[in-house]
Every structure is written in C-alpha cells, then in structure tokens.
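A structural walkthrough
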Amino acid sequence: MNRSRLATAALIACLTFTANSALAVREVGAARFEDTHAVAGQNLVLNGAGMRVKMIIKVYAVALYLPRKEATTAGVLAQTGPKRIQIVMLRDVPADKLGESLVDGIKANTTESERGALQARIDELEKAMVALGEARKGSMIQLDYLPGTGTRITLSGRPVMRDIPGEDFYRALLKIWLGDKPADGDLRARMLGAD
C-alpha cells in the first residue's frame, strides 16, 4: 500500500514539474516572455531578455530567441535559421520616435559601406514606423527573421509593412542591441544570457 502511494506521489510530482516546465516564462518588468517560440516551423529558445531604460524611464522589455543559446554577439550573428526579437512596450511611445531610435541604432553599429547597402531598406523601416502612429503600452512588436523571406515586423500580431529582404538587414537590427555601440550595455548582456 505504501509503495502504491509513493509511486502515485512520484508520478504526480513528475507530471507537475513537466507541466510547469512547459509553461515556463521569464518576467521582465510587466512583460512575460515564454521560454520557446516557433518561428518558420522551427522551435526557438529564449537566449536572454532585459529592459530598455532611458534616463530612469522604463521604455520596453525585449527578448532574443535563437535556434540555440549563444553568449557572444559574433555567435548570434553567425547563427543560421530563423530568429526573433520580441519587444513589449512598457509605456506609450510615438512610433516615429521608436523608428528613429531603431535607425540611430543601425547607424551607430554599421560601417558606411554597410549602411549604403542597407539604406533603401532602412528608409522603408522608418516610413513604416512613422505610419504606425504610436506604439502603445502593452503592445508587442516582433522582429522575425524568416530564411528565404527576410525580416517580418508585426505589431500586436499584424504586419507593419511588407517583409524586408536580406539577412544582412536582420543582422543590422540585431546590432542595435548587441553591437559595439548598443542601445544599452546592460541590456546587451542580458540578451546574451547574463542574469
């Protein structure tokens, strides 16, 4: 009788642990990021997440999803396959200001020749962000890299613009947070897996 109870308790504990593991999330401020996401038919893992703070103001929480965990910028940029940057707005921000900060981040982390090759796509990104009007508190922005397609940007599940071709463009987006001159050094460390 005791063996039966012990076996039942062990089974319940195992099932509870499995269920909780499947629902694991990381909380960053008021944002919650799941441990995995499926993008382009591939399961991606949460590499790291953190918060963008500008002059003590919490602007957004951001998470990086990759095919496999990576602790260096070079390693992230070298990974092939789909990727996701997921942003949850922690306050209302005019979309043109958000677009401007993305463009500034690309410019700060690319060479002049790289920017020359990217300029038409950077302009397209900026125009699309201006057209949004405002990124409201609680809204989710996803920047997905889809191999063979390019970068897909969605706001709360709806596409912001047509897909932007080229893996070079997505690498430039990644460098906003992970490059030599990141938007926030502490945030870069957290996106690269530091806790």
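Quick look at the structure, then. All residue numbers refer to positions counted from 1 along the written sequence of the respective chain. Local features in a predicted model are, by the rule used here, given only for residues with pLDDT of at least 70; side-chain atom pairs are given and counted only at 80 or more, and totals for whole chains, interfaces and linings are based on all residues. As a convention, hydrogens and water are excluded, and side-chain values are obtained from all of the structure's heavy atoms.

**Let's talk about the sheet that holds strand β5 (residues 57-66)**
Spelled out, the test is: Two strands are said to pair when DSSP picks up at least two bridges between them. A run of DSSP states H or I qualifies as a helix once it reaches four residues; a run of E qualifies as a strand once it reaches two. Both are numbered from the N-terminal end.
Spatially, β3-β4-β5-β6-β9-β10-β11 is the arrangement adopted by the seven strands of the open sheet, whose pairing is antiparallel. In this open sheet, the two strands that pair with only one neighbour each are β3 (36-39) and β11 (158-159).

**A few points about the nonpolar core**
How we decide: Think of a nonpolar core as a cluster: buried Ala, Val, Leu, Ile, Met, Phe, Trp, Tyr and Cys residues, connected wherever their side-chain atoms sit within 4.5 Å. Buried residues are those whose accessible area, probed at 1.4 Å on protein chains only, stays under 20% of the maximum for their type, while exposed residues exceed 50% and partly exposed ones sit between those limits.
I85, I87, L125, I141 and W177 are the most contacted members of the largest nonpolar core, which totals 42 residues. Among the elements that make up this core, the one with the highest residue count is helix α5 (residues 167-178) (eight residues). Counting 14 residues, the second-largest nonpolar core is a separate cluster that includes V28, F33, A61 and L90.

**Some words on helix α4 (residues 112-132)**
Note the following rule: One fewer than the residue count of a helix, multiplied by 1.5 Å, yields its expected span. What the bend at a residue measures is the angle between two axes, fitted to the seven residues ending there and to the seven starting there. We call two residues contacting when some pair of their heavy atoms lies within 4.5 Å.
Relative to the 30 Å expected for 21 residues at 1.5 Å per residue, α4 spans 28 Å between its end C-alpha atoms, a close match to the ideal helical length. At L118, α4 is bent by approximately 60°, the largest bend along its length. The complete set of buried residues in α4 reads L118, R121, I122, L125, A128, M129 and L132. Packing partners of the buried residues in α4 comprise α3 (95-108), β8 (134-135), β10 (150-155), β11 and α5. Positive backbone phi, at 90°, marks G133, one or two positions downstream of α4.

**Comments concerning the pattern of salt bridges**
Applicable threshold: For salt bridges, the criterion is a side-chain nitrogen of Lys or Arg within 4 Å of an Asp or Glu carboxyl oxygen.
Overall, the coordinates contain 11 salt bridges when judged by the stated rule. R84 serves as the salt-bridge partner of D144, at 2.6 Å between the closest nitrogen and oxygen. In this pair, D144 sits in strand β9 (residues 140-146) while R84 sits in strand β6 (residues 83-89), placing the two residues 60 residues apart along the sequence. Note that R136 and E134 form a salt bridge whose closest N and O atoms lie 3.1 Å from each other. One salt-bridge network, in which partners are shared between bridges, spans D92, E134 and R136.

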